[in-house]
Amino acid sequence: QHSVTLSMSSIGSPLPRAPEHGDCVYLDYQATTPVWPEVAAAMTPYLTHHWGNPSSGHAFGRPCGAAIGQARAAVAELIGAEPSEICFTGCGSESDNFAIVGALEMEEARRRGAGGAALPRPHVVASNIEHPAVELCIEALCAAGRLEATYVPVDEEGLVSAEAVAAATTEQTFLVSVMHSNNEVGSVQPVRQIADAVRALRPSVLVHTDAAQSIGKVDVDTRALGVDLLTLVGHKFGAPKGIAALYIRSGLALPRMIHGGGQESGRRAGTECTPMVVALGTAAAIARAEAAPLRKHMRRTRDALESALVERLPAGSTRVNGPADASRRLPNTLSIGLRDVRAAELLETLSERLAASAGAACHANA
């Protein structure tokens, strides 16, 4: 099922619609994407015919187990990983929490083994524009007295400096978490440079990146990035909500997130949802096979919208946010400010005609 590709004729075709949508134009792809038709078609047999437990060795379970294996391979291939390094999860927030809490538990175990009870608290470094799943997880651990954190600010283009991240580390730092790209202004962060700068000072520090917004839009290769942990999310690139994954570098013994059965190599107990895993694998296969035309379409439509707004609105009344260098901005992302206009009020006025956001959808009333 993972040989399917998105036909060229369907790129840019009208979205599936319901009567409730009316004539509203959908521009909120950072919040979620529609499920691609090929993805929905690939899921269907595992909702209707292949409903066995994928861990079962009989005729009902084997097709499901095989499908999960194929999906794992497709996701791994998309991000330059090995299938054994992919752990399926239920959402990006779970993957982010798994990465942070798991890394902290590894550090706490290391300290116990070394007799370091009197040491200062473990320390994590993150940017100040992280998704709430990263930010609030860190804050909860700080409030529980298990962690100290430093947040590194971004510049006026929404980019964080690799040198600043490295400089923020201390002898107690065990983890750096910087998103691969920002969901609001589309700035693509220098993750490889961050990893190199941090490890030049502190080789044992783990590096996590939340790549939820980048998958399917720009190249994401775990080896090229030099990361230990990476979050990806299905509903950001054509799969349904409710399926995501965490890349865990081979050799990194991250503690199990959910106790129970031995699923996901013992890292996350619970019977896998075969249809959702198949959906993620199919979306990954399409994103890899059709990367060039998909990105070309995204960039062309983004640039056309940007040009139209800048040209048709009064001179000097618009400001495009994010990196001036378009190569450092996601190809599908346009963040634009209008002088003397409140974004929330404008979007409320246009809500029946235009679906867009002024910020991350995970914040209320974005």
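This structure is a prediction, so every number in the text was calculated from the model and none was measured.

A. Geometry of the overall build of the protein chain. When you go through the protein chain residue by residue, the secondary structure sums to eleven helices and eleven strands. Along the longest, intermediate and shortest principal axes, the C-alpha atoms of the protein chain span 65 × 55 × 35 Å. The buried share of the protein chain, reckoned over its 366 residues, is 49%. For the protein chain, contacts bridging at least 24 residues in sequence account for 71% of all contacts bridging at least 6. Summed over all atoms, the accessible surface of the protein chain reaches about 17,100 Å², with 55% contributed by carbon and sulfur. Distance between charge centres in the protein chain, computed from 32 positive and 38 negative side chains, equals 3 Å.

B. Spatial organisation of the environment of Leu330. Residue placement: Leu330 occurs in the loop between strand E9 (318-321) and strand E10 (335-338). Residues Leu330 and Val188 lie 142 residues apart in sequence; the distance between their C-alpha atoms is 6.7 Å. Excluding anything up to four places from it in sequence, Leu330 contacts Gln30, Ser181, Asn182, Gly186, Val188, Gln213, Ser214, Lys217, Val218 and Arg302.

C. Layout of the pattern of salt bridges. This model, assessed by the stated rule, comprises 14 salt bridges. Across the pair Glu264 and Arg72 runs a salt bridge whose closest N-O atoms are separated by 2.8 Å. Of the two residues, Glu264 sits in the loop between strand E8 (244-248) and helix H9 (274-289) while Arg72 sits in helix H3 (residues 62-78), which places them 192 residues apart along the sequence. We classify Glu264 as buried; its relative accessible area is 6%. In this structure Arg72 comes out as buried when scored by relative accessible area, which is 14%. The closest approach of N and O atoms between Glu108 and Arg146, which form a salt bridge, is 2.8 Å. In this pair, Glu108 is assigned in helix H4 (residues 92-114) and Arg146 in the loop between helix H5 (132-143) and strand E4 (148-152), connecting sequence segments 38 residues apart. For Glu108, a relative accessible area of 19% translates into the label buried.

D. Up close: the sheet that holds strand E6 (residues 206-210). Overall, mixed pairing links the seven strands, which are arranged E2-E8-E7-E6-E5-E3-E4 in an open sheet. For this open sheet the edge positions go to strand E2 (86-89) and E4, each flanked by a neighbour on one side alone. Sheet twist, expressed as the mean angle between neighbouring strand axes with direction ignored, is 20 degrees. Judged from the five bridges that link them, strand E7 (residues 229-233) and E8 form a sheet pairing that is antiparallel. Looking at the pairing, Thr231 lines up with Leu246 of E8.

E. View of H3. Here H3 is 17 residues long and its end C-alpha atoms lie 25 Å apart, about the 24 Å a rise of 1.5 Å per residue gives. Burial in H3 covers these residues: Cys64, Ala67, Ile68, Ala71, Arg72, Ala74, Val75, Ala76 and Leu78. In this structure, the buried residues of H3 make contact with helix H2 (45-48), E2, E7 and H9. A positive phi of about 70 degrees marks Gly80, the residue just after H3.

Quick notes on the rules
Residues numbered from 1 in each chain as written. Predicted model: local features only at pLDDT ≥ 70, side-chain atom pairs only at ≥ 80, totals over all residues. Heavy atoms only, no water. Helix = DSSP H or I, 4+ residues; strand = E, 2+ residues; numbered from the N terminus. Buried < 20%, exposed > 50% of the residue type's maximum accessible area, 1.4 Å probe, protein only. Contact = heavy atoms within 4.5 Å. Areas by Shrake-Rupley, 256 points an atom, 1.4 Å probe, with all protein chains shown as cover. Lys, Arg positive; Asp, Glu negative; His and termini not counted. Charge placed at Lys NZ, Arg CZ, Asp CG, Glu CD. Salt bridge = Lys/Arg side-chain N within 4 Å of Asp/Glu carboxyl O. Pairing = 2+ DSSP bridges. Axes fitted to C-alpha atoms, helices over the stretch in contact; angles between N-to-C directions. Expected span 1.5 Å × (residues − 1).

Any link to function would need more than the numbers given here.
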